[in-house]
Amino acid sequence: MDLKRHIRHVPDFPKAGILFYDITTLLRDPQAFSKTVDMLATPYEGKGIDAVIGIESRGFILGAAVAQRIGAGFVPIRKPGKLPASALTESYDLEYGTDSLEIHEDAVERGQRVLIVDDVLATGGTAAAAVQLVRRLGGELHGLAFLIELLFLDGKKKLPGEEIYSVLQY
Ligand code: AMP
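Residues numbered from 1 in each chain as written. Predicted model: local features only at pLDDT ≥ 70, side-chain atom pairs only at ≥ 80, totals over all residues. Heavy atoms only, no water.

**A few points about a negative patch on the surface**
Our working definition: Excluding any residue in a salt bridge, patches collect residues exceeding 30% relative accessible area, merging like charges within 9 Å and nonpolar Val, Leu, Ile, Met, Phe, Trp and Tyr side chains within 5 Å. Residue exposure ignores everything except the shown protein chains as possible cover, and the areas themselves are Shrake-Rupley values with a 1.4 Å probe. The term salt bridge refers to a pairing of a side-chain nitrogen on Lys or Arg with a carboxyl oxygen on Asp or Glu at a separation within 4 Å. When charges are counted, Lys and Arg contribute as positive and Asp and Glu as negative, whereas His and the chain ends are disregarded. For the purpose of locating charges, the reference atoms are NZ of Lys, CZ of Arg, CG of Asp and CD of Glu. Strands here mean DSSP runs of E at least two residues long; helices mean DSSP runs of H or I at least four residues long; both are numbered from the N terminus.
The grouping of Asp50, Glu105, Asp106 and Glu109 at the surface amounts to a negative patch. Relative to the helices and strands, Glu109 resides in the loop between β6 (98-104) and β7 (113-121).

**Some remarks on the side chain of Glu102**
Rules: The buried label goes to any residue with under 20% of its type's maximum accessible area, the exposed label to any with over 50%, and the partly exposed label to all in between, with areas taken from a 1.4 Å probe on protein chains only. Counted as a polar contact is a pair of N or O atoms within 3.5 Å, where, for protein atoms, one must be capable of donating a hydrogen and the other of accepting one, and residues adjacent in sequence contribute only when both atoms are in side chains.
Among the structural elements, Glu102 can be located in strand β6. Buried and unpaired, Glu102 has no salt bridge, with Arg78 as the nearest side chain of opposite charge at 8.4 Å. There is a polar contact of 2.9 Å between the side chain of Glu102 and the side chain of Thr89.

**Thoughts on unusual backbone geometry**
In this chain, Phe13 is followed by Pro14 through a cis amide linkage whose omega measures -5°. Inspection of the secondary structure assignment puts Pro14 in the loop between β1 (8-11) and β2 (19-22). Unlike most non-glycine residues, Asp12 shows phi in positive territory, near 60°. Phi angles above zero are rare outside glycine, and Asp154 is one such case at about 55°. As for its placement among the helices and strands, Asp154 is situated in the loop between β8 (140-149) and β9 (164-169).

**Overview of the site of the ligand**
For the record, the criterion: Note on definitions. A residue lies near a molecule or strand when any single heavy atom of the residue is within 4 Å of it.
What surrounds the ligand is a group of 13 residues, the closest being Arg58, Asp118, Asp119, Thr123 and Thr126. With respect to the ligand, the backbone of Tyr21 contributes an N or O atom lying 3.0 Å from a nitrogen atom. Side-chain polar atom of Asp118 to an oxygen atom of the ligand: 2.7 Å apart, as the coordinates give it. Against a free-state accessible area of 490 Å², the protein chains account for coverage of 82% of the ligand.

**Some points on the packing of aromatic side chains**
Note the cut-off: Ring pairs shown here join Phe, Tyr and Trp side chains whose ring centres sit within 6.5 Å, with only the six-membered ring taken for Trp; geometry is labelled stacked below 30 degrees between planes, edge-to-face above 60, and tilted in between.
A complete count under the given rule lists four aromatic pairs for this structure. Centroid distance Phe13 to Phe20: 5.2 Å. Interplanar angle 85°. Geometry classified as edge-to-face. Phe13 sits in the partly exposed class, given a relative accessible area of 44%. Ring geometry for Tyr44 and Tyr165: centres 6.2 Å apart, planes at 70°, overall edge-to-face.

**Quick notes on the pairing of strand β5 (residues 87-93)**
If a strand is regular, its side chains alternate between the two faces of the sheet. To keep it simple, the criterion reads: Pairing between strands is defined by DSSP: at least two bridges between them are needed.
Residues Leu88, Glu90 and Tyr92 of β5 are buried on one face, while the alternating residues Ala87, Thr89, Ser91 and Asp93, pointing to the opposite face, are not. Inspection of the sheet shows β5 paired to β6 by seven bridges, in the antiparallel sense. Across the sheet, the residue bridging to Ala87 is His104, located in β6.

**Some remarks on the pattern of salt bridges**
Per the stated rule, a full pass over the model turns up nine salt bridges. Arg8 is paired through a salt bridge with Asp22; the nearest N and O atoms lie 2.9 Å apart. Here Asp22 lies in strand β2 and Arg8 lies in strand β1, a separation of 14 residues in the sequence. Exposure remark for Arg8: the relative accessible area of 44% places this residue in the partly exposed category. By relative accessible area, which is 10% here, Asp22 ends up buried.

The following block contains the structure:
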C-alpha cells in the first residue's frame, strides 16, 4: 500500500512558503491508518519499551496507537500551560523566536526505556527538546520514530547519536 498517496499536501499552511503534510486524510482511511501503525510499531516490538512519548498534537494520535501495539504506556509532551501537575519545561529555537514543551515530572521514571513518536521530523528542534525532557527525567531513550521525515531540512543533525526511524521520506 502506498501511504504517500493518503497524505495531503497543503501549500502555504500555516504560513506562506510552508508545504504542510496533512495526515488527517491518512487517519480517516482504516487500511492506511492500520498500515501506518504497523510500520511505526513493528521495529519496536519486543524491545522492552516501557513508555511511548507522543508530542502534541499529532504525536498523540500516532504515539498512543504505537503504545497499544507494543504493550507500552503512553506519555504526552505538551505545549506550555496544558499539563495540570508539576512539569518540566524545555525551550527551543524556532525560525523566528522560541517555543517550549512540557512533560509531567513523574511521567518517566529514572531508567525507564522510552520511544518518542511524532508525525513529522522537519528541522528537528521539537524532537531535540523532547529528547532533553526525557534525559532530564533520567529516562533511557531507545529512539525516535516519525511517520514523515523531511530530508532536505536535515533534522537528524539536531539529534546526534540517536536512533531515528521514519516510515516515509520526502
Ligand atoms: P521541527 O521542530 O521543525 O522538526 O517541526 C516538527 C513539528 O512541527 C512536528 O510536531 C510537526 O508536526 C510539525 N511540522 C513541521 N513542519 C511540518 C510540515 N511541513 N508539515 C506538517 N507538520 C509539520
